[in-house]
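Chains, contacts and geometry: an overview
If you want the building blocks of each chain, they are given just below.
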Amino acid sequence: MKENICSIPVNDVFMPKDGCPMCQMRDMLEQRKADYVTGSAMMEPNVRIRTNEQGFCYRHFSMMIQQGRRLSNALILESHLQKIMEELVPARVPAKLDKKRMAALDTLLNDCFICRDIKENMENMVRIVHAMWISEPEFRQLYEEQKFICLEHFYLLMTCDQKGLGKSLQAFYEATSRLTGGYLETLKADVSHFCKMFDYRSANEKWGNSRDSIERSVEFLTGDKIAAGDDPFADAEEEE
């Protein structure tokens, strides 16, 4: 496949064929942005203005703290808290409820500097995926060999940049639906089998691929992995 500065990150997440490639793309972008915010961008006035206004969600605050730069996070929080104190929640309570302040606070509580940036970047990445799918047969084959596309990114791939796909829209939709819909059928069967294994009539049956079906379902539905749970019949299966 031809590679350039735009296609390299796309190829990097599609080549392993491990899980949803768009989730891996999002994770990569999030880590880079968290590192950027707490590193070189920390003292950039235009960035600090935006972080003061938008703040961060729990997910991205956690990533920033995990970077290990406690002073950077403290400085970011210092000016962000100051802005909230001055403009949204004053120490002296006004005589009447300020609806404009409450509306601004509602906006802040549902905003995040990194979330906004990731949304824009993911939409750009979708456009690159579409362009590569149209122009590069090798990438098209690689795309169709993916394990699955999660529910969130199925929606993103199918609704973003539809015009960019042009006459290839239907073919792309069919390929993406096979990845998401086909995996969904398998996932549902595995969850059903997991439930069935708790019926006494299934005492002699095997768990098959159902043991981590709960964790895989959460990953498919939310785009985030969680640690696999304990298998209550693992010991019994090993003895067979």
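Please refer to the structure placed before this passage.
Presented here is a report on the structure given in the accompanying data block. What you see is a predicted model, and the numbers here were worked out from it, not measured in a lab. (Residues numbered from 1 in each chain as written. Predicted model: local features only at pLDDT ≥ 70, side-chain atom pairs only at ≥ 80, totals over all residues. Heavy atoms only, no water.)

Some points on the nonpolar core
Grouped together as the largest cluster of nonpolar side chains are 46 residues, with contacts concentrated most on Val10, Phe14, Ile114, Phe139 and Tyr143. For Ile114, the residues in contact, after removing those within four places along its chain, are Lys33, Ala34, Val37, Phe56, His60 and Met64. (Core = buried A, V, L, I, M, F, W, Y, C linked by side-chain atoms within 4.5 Å. Buried < 20%, exposed > 50% of the residue type's maximum accessible area, 1.4 Å probe, protein only. Contact = heavy atoms within 4.5 Å.)

Regarding the packing of aromatic side chains
Here the structure, examined in full by the defined rule, presents 14 aromatic pairs. Aromatic side chains Phe14 and Tyr143 sit 5.7 Å apart centroid to centroid with 25° between the ring planes, which places their arrangement in the stacked category. With Phe14 in helix H1 (residues 7-14) and Tyr143 in helix H8 (residues 137-144), this pair connects stretches of sequence that are 129 residues apart. Residue classification places Phe14 among the buried positions, given a relative accessible area of 0%. Note on Phe139 and Tyr143: the rings are 6.3 Å apart at their centroids and 55° apart in plane angle, and the pair reads as tilted. (Phe/Tyr/Trp six-rings, centres within 6.5 Å; stacked < 30°, edge-to-face > 60°. Helix = DSSP H or I, 4+ residues; strand = E, 2+ residues; numbered from the N terminus.)

Remarks on the pattern of salt bridges
Counted under the stated rule, the structure contains 17 salt bridges. One salt bridge in this structure joins Arg69 and Asp35, with 3.1 Å as the shortest N-O distance. Placement of Arg69 in the loop between helix H4 (58-66) and helix H5 (70-87) and of Asp35 in helix H2 (residues 21-38) is noted, with a sequence separation of 34 residues between them. We classify Arg69 as partly exposed; its relative accessible area is 31%. Through salt bridges with shared partners, a single ionic network connects Arg26, Asp27, Glu30, Arg59 and Asp224. (Salt bridge = Lys/Arg side-chain N within 4 Å of Asp/Glu carboxyl O.)

Side note on the side chain of Thr38
Tracing the backbone through its elements, the reader meets Thr38 in helix H2. Given a relative accessible area of 1%, Thr38 falls into the buried group. Within the structure, the side chain of Thr38 is placed 3.5 Å from the backbone oxygen of Asp35, a separation counted as a polar contact. In terms of polar contacts, Thr38 uses its side chain to reach the side chain of Arg69, at 3.2 Å. Once residues lying within four places of it in the same chain are set aside, the contact partners of Thr38 are Met64, Gln67, Arg69, Ser72, Asn73 and Ile76. (Polar contact = N/O pair within 3.5 Å; in protein donor to acceptor, adjacent residues only side chain to side chain.)

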